[in-house]
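Architecture and fold: a report
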Amino acid sequence: MSVLKNLWFLFVLLGLVLGISHQTLASEAIRGFDVNLKINKDSSLQVTERILYDFGENERHGIYRNIPYKYKARGGNYVLEIEDIKVVDEFNEAYQFKASRQGGSIRIRIGNPDRYVSGRKVYVIKYSVTEGMNYFQEHDELYWNVTGNEWEVPSYNVLARVGLPEEAGQTRIKAACFAGSFGSDKSCDGYSEADFQGAGGIEFIQSQLSPGEGMTVVVGIPKGIVIGPTRLDRLK
């Protein structure tokens, strides 16, 4: 009988811990997720993410940002090379961070393990990507998971701007945007043509994402706009 009582006590205690953990996380949120992504002529990408994270009254060391780099999608196999990672605040002051590979993601741990933060903090993450495009017979395509799907808090005001090479000019660009759990085919709130640093681009928006959800954008451009890697490059 005492064994049953002990088990019952453990279940109750676990429930309380999980409840407190859930309640604590519920008070946190990403208030803004703003991404600028530039497609270069050589098919490389330059990415800048501005994340406005609200810790509320909770005290944390910082955040984790998981960037998918290896995945299958739309008939292609993506293995991205993510390089030159930098993390700063809104005043361009460097954050302490450590990047590592875990599964199919680059995991960036941002923050000082000896200091706590609370309230709203801005994290600006910059990095470059090679082999970020996929190549089909009739077009080349960017397929980009803007936010990742591993956030345990809701995200609001998600905005992604994709800048095109100048050579794109007035050519016909195909675009799509999806929001939800991984693999979702639900369209995001919308997208439109936009100016990107004086060049053509497309702007995608999503007002809200629940924990575990993400936003993915797709941009298809005619052949010849970007120069893809050679077979020799792919073997390196």
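Here, every reference points to the structure presented above.
Below is a summary of the structure that appears in this document. Every chain's residues receive numbers from 1 upward, in the order its sequence appears when written. Only residues with pLDDT of at least 70 are given local features in this predicted model, and only at 80 or more are side-chain atom pairs given and counted; all residues enter the totals for whole chains, interfaces and linings. Heavy atoms throughout the structure, all of them, feed into the side-chain values; hydrogens and water do not.

**A short note on the sheet that holds strand β7 (residues 97–102)**
This is how it is decided: Two strands qualify as a pair provided DSSP detects at least 2 bridges between them. Each helix is a run of H or I in the DSSP string that is no shorter than four residues. Each strand is a run of E no shorter than two, and both are numbered from the N terminus. Here an angle of 0 to 180 degrees is reported between the N-to-C directions of two axes, which are lines fitted to C-alpha atoms, with helices fitted over the stretch in contact.
Ordered by their spatial adjacency, three strands build an open sheet running β3-β8-β7, and the pairing between neighbours is antiparallel. A strand with exactly one partner marks an edge of an open sheet, and here the two such strands are β3 (62–68) and β7. Between one strand and the next, the sheet's axes are offset by a mean angle of 20°, whatever the strand orientation. Note: β7 against strand β8 (residues 105–111), six bridges, orientation antiparallel. Paired with R101 across the two strands is I106, which belongs to β8.

**Concerning the environment of K41**
For K41, the location among the structural elements is in the loop between β1 (29–39) and β2 (45–54). Between the C-alpha atom of K41 and that of G228, which follows or precedes it by 187 residues, the distance is 8.9 Å.

**A closer look at the nonpolar core**
Just so we agree on the cut-off: Throughout this description, the term nonpolar core refers to a set of buried Ala, Val, Leu, Ile, Met, Phe, Trp, Tyr and Cys residues connected via side-chain atoms within 4.5 Å. Per-residue accessibility, obtained with a 1.4 Å probe over protein chains only, is compared with the maximum for each type, and a residue is labelled buried under 20%, exposed over 50%, and partly exposed between these values. We call two residues in contact when some of their heavy atoms are within 4.5 Å.
If you look at the biggest cluster of nonpolar residues, it comprises 52 residues, and the most contacted ones within it are W144 and M215. When near neighbours in sequence (up to four residues on either side) are disregarded, W144 contacts L37, L45, V47, L80, Y127, V129, M215, T216 and V217.

**Digging into the state of the cysteines**
Cut-off, in case you're wondering: For this text, the term disulfide refers to a pair of cysteine sulfurs within 2.5 Å.
Per the counting criterion, the structure on display carries one disulfide. C177 shares a disulfide with C188; S-S distance 2.1 Å. The disulfide joining C177 to C188 has a torsion of about 130° about its S-S bond and is therefore right-handed. Note that C177 is positioned in strand β13 (residues 174–180) and C188 in the loop between β13 and β14 (190–196), a separation of 11 residues in sequence. For the pair shown, C177 and C188 are each scored as buried.

**With respect to the side chain of N66**
The cut-off we apply is this: By the criterion applied in these results, polar contacts are pairs of N or O atoms within 3.5 Å in which, for protein atoms, one can donate a hydrogen and the other can accept it, and in which residues neighboring in sequence qualify only through two side-chain atoms.
Inspection of the secondary structure assignment puts N66 in strand β3. Assessed through its relative accessible area of 10%, N66 is described here as buried. Within the structure, the side chain of N66 is placed 2.8 Å from the side chain of E150, a separation counted as a polar contact. Not counting chain neighbours up to four residues away, the residues in contact with N66 comprise S105, I106, R107, G148 and E150.

**Regarding the sheet that holds strand β10 (residues 133–135)**
Two strands in a sheet stick together by hydrogen bonds in their backbones, pointing the same way (parallel) or opposite ways (antiparallel). Taken in spatial order, the four strands make up an open sheet running β10-β11-β16-β13, and their pairing is antiparallel. Looking at the sheet topology across the chains shown, the edges are occupied by β10 and β13. For this sheet, the mean inter-axis angle between neighbouring strands, taken without regard to orientation, is 20°. Relative to strand β16 (residues 214–222), β13 runs antiparallel, the two being bridged by seven bridges. Looking across to β16, one finds that A179 is bridged to M215.

**What about the pattern of salt bridges?**
Rules: Between Lys or Arg on one side and Asp or Glu on the other, a salt bridge is scored when a side-chain nitrogen of the former is within 4 Å of a carboxyl oxygen of the latter.
Tallied over the entire structure, the rule returns eight salt bridges. Residue R120 pairs with D54 through a salt bridge whose shortest N-O separation is 3.4 Å. Residue R120 is found in strand β9 (residues 120–130), and its partner D54 is found in strand β2; the two are separated by 66 residues along the sequence. Accessibility expressed as a relative area gives 53% for R120, which makes it exposed. Close ionic contact of D140 with K223 constitutes a salt bridge, the shortest N to O distance being 2.7 Å. Taken as a pair, D140 in strand β11 (residues 139–145) and K223 in the loop between β16 and α2 (231–235) lie far apart in primary sequence, 83 residues in all. With a relative accessible area of 2%, D140 lands in the buried category.

It is worth stressing that arrangement in space is one thing and function is another; only the former is reported here.
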